[in-house]
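Survey of secondary and tertiary structure
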Amino acid sequence: MNDLAFIPLGGAGEIGMNLNVYRCDGRLLAVDCGIGFGGPENPAVEIMVPDPAWLAERRDALEALVITHAHEDHVGAVAHLWPALRCPVIAGPFVSAVLRRKLAEAGLSQEVELITLPRRTRRALGPFEIEFLHVTHSVPEASALVLRTRHGTVLHTGDWKLDPHPLIGPPTDEAAFARLGEEGVLAMVCDSTNALVEGHSGSEGEVRRNLAALIRGLKGRVAVTCFATNLARVESIALAGMAAGREVALFGRSLRNAVQAARECGYLEAVPDFVSEEEAGFIPDDNLLLICTGSQGEERSALAKIAADTHPNISLGRGDTVIFSSRMIPGNERAILRLQDELSRRGCRVMTAEDHAVHVSGHPARDELKRLYELVRPRFAIPVHGEWRHLSEHAALAREWGARPILVEDGDVVRLSGQEPGVEGSVPTGRLAVDGNRLLPLQGGLIGARKRMLFNGIVVASLAVDGEGRVLGRPRVSAPGLFEAEGPEPQQLADELARGVNELPKGLRREDEALAEAARGVLRKAVGRRLRKRPNVEVHLLRV
Ligand SMILES: [Zn+2]
Ligand SMILES: [Zn+2]
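Since this is a predicted model, take the numbers as computed values, not measurements.

The rules behind the values
Residues numbered from 1 in each chain as written. Chains lettered and ligands numbered in written order. Predicted model: local features only at pLDDT ≥ 70, side-chain atom pairs only at ≥ 80, totals over all residues. Heavy atoms only, no water. Phe/Tyr/Trp six-rings, centres within 6.5 Å; stacked < 30°, edge-to-face > 60°. Helix = DSSP H or I, 4+ residues; strand = E, 2+ residues; numbered from the N terminus. Buried < 20%, exposed > 50% of the residue type's maximum accessible area, 1.4 Å probe, protein only. Domains from an automatic or database assignment. Contact = heavy atoms within 4.5 Å. Donors = N, O, S within 2.8 Å, 3.2 Å for Na, K, Ca; no water. Tetrahedral: all angles 85-135°; square planar, octahedral: opposite > 155°, others 65-115°. Polar contact = N/O pair within 3.5 Å; in protein donor to acceptor, adjacent residues only side chain to side chain. Core = buried A, V, L, I, M, F, W, Y, C linked by side-chain atoms within 4.5 Å.

1. Here's the deal with the packing of aromatic side chains
How two aromatic rings sit relative to each other is set out by the distance from centre to centre and by the angle between their planes. Here the structure, examined in full by the defined rule, presents two aromatic pairs. On the numbers, 5.0 Å between centres and 35° between planes, the contact of Phe6 with Tyr22 is tilted. Of this pair, Phe6 sits in strand E1 (residues 4–10) while Tyr22 sits in strand E2 (residues 19–24), and the two are 16 residues apart along the sequence. The class of Tyr22 is buried, set by a relative accessible area of 1%.

Here you go:
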């Protein structure tokens with residue numbers, strides 16, 4: 001097909017699970033490959049990834065997978081999905097450092113060709129020529145991706161913001177965006193996260209000053225939680241602690257990994273080695289500051305363990321302070337509030353971005369979006385990285401700035417070349433649940449059964465019959481989560497099952513499958529009468 005098209009497989013109409021595909025003259029390029037969280041709609045699922053089936057079937061045409069930055073919603077699914085894609089992976093130096101660690105954990109280091117592309121360096125990939133431009137974001141070395149093709153140039157912004165004082169790395173390369181605007185941009189695929197937020201997202205520099213002033217005035221132990229990969233923030237917290245005469249300890253694996261990747265890339269030089277978790281407990285309260293994982297209320301995080309007082313090395317209580325230098329990602333509110341509540345119950349003072357200026361977003365608010373449209377002047381605007389209300393507000397803003405918006409959702413095929421660009425078809429998309437080492441379809445199948453089990457329970461019966469289908473002995477019934485194992489109900493159900501089976505027609509009782517199905521029916525009715533529920537019912541039939 002001799003055209004240029006944009007095909008989002010994840011991340012359009014939702015936040016998280018970014019997976020974008022560009023098609024040029026029949027060749028494909030994937031951009032970002034991230035995870036999402038199951039959230040309240042998917043109680044049986046912790047982590048989800050986009051279903052790569054459509055792309056995997058076309059992997060012969062796939063030139064590469066390009067990663068814009070080191071956040072989990074952009075890089076977190078690479079190790080899960082690469083085995084289906086098997087293409088080179090291209091990223092900047094910091095993403096490469098983070099990814100190398102993830103691939104090693106997954107045993108894929110030897111297989112994946114990981115190409116580190118410095119910014120402002122052009123690289124040809126089949127009909128595409130790609131180039132990273134530097135943007136500021138809440139992680140070091142985020143990049144926007146320029147895709148030059150014979151049909152025109154696309155700017156894929158990734159996540160970005162404008163910040164005159166980003167603290168780590170230079171500010172967003174506005175000059176490069178202006179030059180790109182001069183060159184002419186066919187379409188801009190752009191971050192919509194904060195399209196509903198008026199004004200400016202604020203500066204990391206302000207947060208640094210505020211944290212320093214706040215922490216200077218505190219007594220007792222101080223713990224601060226933030227996103228592990230927000231290294232400017234980690235640095236600000238560490239410097240604020242040091243300025244207040246505190247030693248700084250890191251709590252949590254993802255923080256230690258991020259700090260290690262950062263040091264490999266030459267960041268955090270102003271911060272000496274952190275105190276280990278083991279040493280922290282021996283430091284006087286007023287001289288200790290902890291940086292912890294757990295800002296999203298994650299169950300196994302350091303802060304969750306501290307709140308539950310199950311952490312082996314440290315405890316917090318009356319007179320101590322916990323600062324949440326983060327925002328609540330939609331879907332995590334309940335877990336976060338529960339964690340904060342638990343900490344207050346222990347006597348800790350809890351401070352958040354709601355009451356203290358200890359966080360700024362890494363995504364552009366409306367003034368920043370306007371500035372980028374002013375610089376880049378794309379003909380078409382494709383809002384992504386947002387839910388529908390973000391995408392449609394972003395589209396309205398783009399129109400004001402002279403771009404024609406195209407609203408898309410996952411699976412749309414947006415033709416960008418030719419006379420009348422727009423959505424011209426769709427491809428299948430979906431989500432997969434990460435379940436240990438497996439990827440399982442989210443709809444139906446095992447995950448569906450598990451969800452039903454979670455709400456309706458499961459009843460399992462074992463039943464021995466003779467050649468004629470007469471029940472031998474007493475069947476065994478167990479229903480964990482529905483009836484107490486020692487209670488009378490499992491026995492009663494077993495008796496009802498035996499009676500019901502013995503009453504079935506003789507012919508039916510001689511056929512194993514028909515008999516098992518009929519026995520399931522008997523049991524289902526018996527349980528339904530007691531519970532007014534429809535649990536999963538399993539019958540193991542043994543013919544003796
Ligand atoms: Zn991001
Ligand atoms: Zn993102």
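The discussion continues.
2. Concerning the domain arrangement of the protein
When cut into domains, the protein gives domain 1 (4–199 + 361–441), domain 2 (204–351) and domain 3 (457–543). The gap between the C-alpha centroids of domain 2 and domain 3 is 54 Å.

3. Considerations on the side chain of Ser138
Examined against the element boundaries, Ser138 turns out to sit in the loop between strand E10 (128–135) and strand E11 (142–149). Beyond its immediate chain neighbours, meaning those up to four positions away, Ser138 contacts His71, Thr229, Asn230 and Gly362.

4. Considerations on the coordination of the zinc ion (ligand 1)
Ideal values for angles at a metal depend on the geometry: 109.5 degrees with four tetrahedral donors, 90 or 180 degrees with six octahedral donors. Each protein donor to the zinc ion (ligand 1) is listed here as His69 (NE2), His71 (ND1), His137 (NE2) and Asp159 (OD); together their distances run 2.1 to 2.3 Å. Of note is the zinc ion (ligand 1), whose four donor atoms meet at the metal with angles of 90 to 164° in an arrangement that counts as irregular. For the zinc ion (ligand 1), the donor residues sit on a single chain with the sequence spacing H-x1-H-x65-H-x21-D. Here the zinc ion (ligand 1) and the zinc ion (ligand 2) are spaced 3.4 Å apart, and both take Asp159 as a donor. Pair noted here: His71 is in the loop between strand E6 (62–66) and helix H2 (72–75) and His137 is in the loop between E10 and E11, with a separation of 66 residues, a long-range link. In this pair, the class of His71 matches that of His137, namely buried.

5. Considerations on the coordination of the zinc ion (ligand 2)
Around the zinc ion (ligand 2), the protein contributes the donor atoms Asp73 (OD), His74 (NE2), Asp159 (OD) and His385 (NE2), at 2.1 to 2.2 Å from the metal centre. Metal-centred angles of 87 to 164° between the four donor atoms at the zinc ion (ligand 2) mark the site as irregular. All donors of the zinc ion (ligand 2) come from a single chain, and their spacing in sequence reads D-H-x84-D-x225-H. Taking the relative accessible area as the measure of exposure, His74 reaches 2% and is therefore buried.

6. Examining the environment of Glu279
Mapped onto the secondary structure, Glu279 falls in helix H9 (residues 277–280). We classify Glu279 as partly exposed; its relative accessible area is 46%. Linking Glu279 and Asn313, residues 34 residues apart in sequence, is a C-alpha distance of 8.2 Å. At 2.9 Å, the side chain of Glu279 forms a polar contact with the side chain of Ser276.

7. Looking at the environment of Ala106
Looking at where Ala106 falls in the secondary structure, it is placed in the loop between helix H4 (93–105) and strand E8 (114–116). Overall, Ala106 belongs to the partly exposed group, its relative accessible area being 41%. Between the C-alpha atoms of Ala106 and Ala79, which are 27 residues apart in sequence, the distance is 6.4 Å.

8. A few points about the nonpolar core
Residues Ile291 and Ile323 are the most contacted members of the largest nonpolar core, which totals 98 residues. Here this core gathers at least three residues from each of two domains, domain 1 (4–199 + 361–441) and domain 2 (204–351). Aside from chain neighbours lying at most four places away, what touches Ile291 is Val224, Val234, Ile237, Ala238, Val248, Ala249, Leu250, Phe251, Leu255 and Phe274. Counting 29 residues, the second-largest nonpolar core is a separate cluster that includes Leu4, Leu117, Leu145 and Val408.

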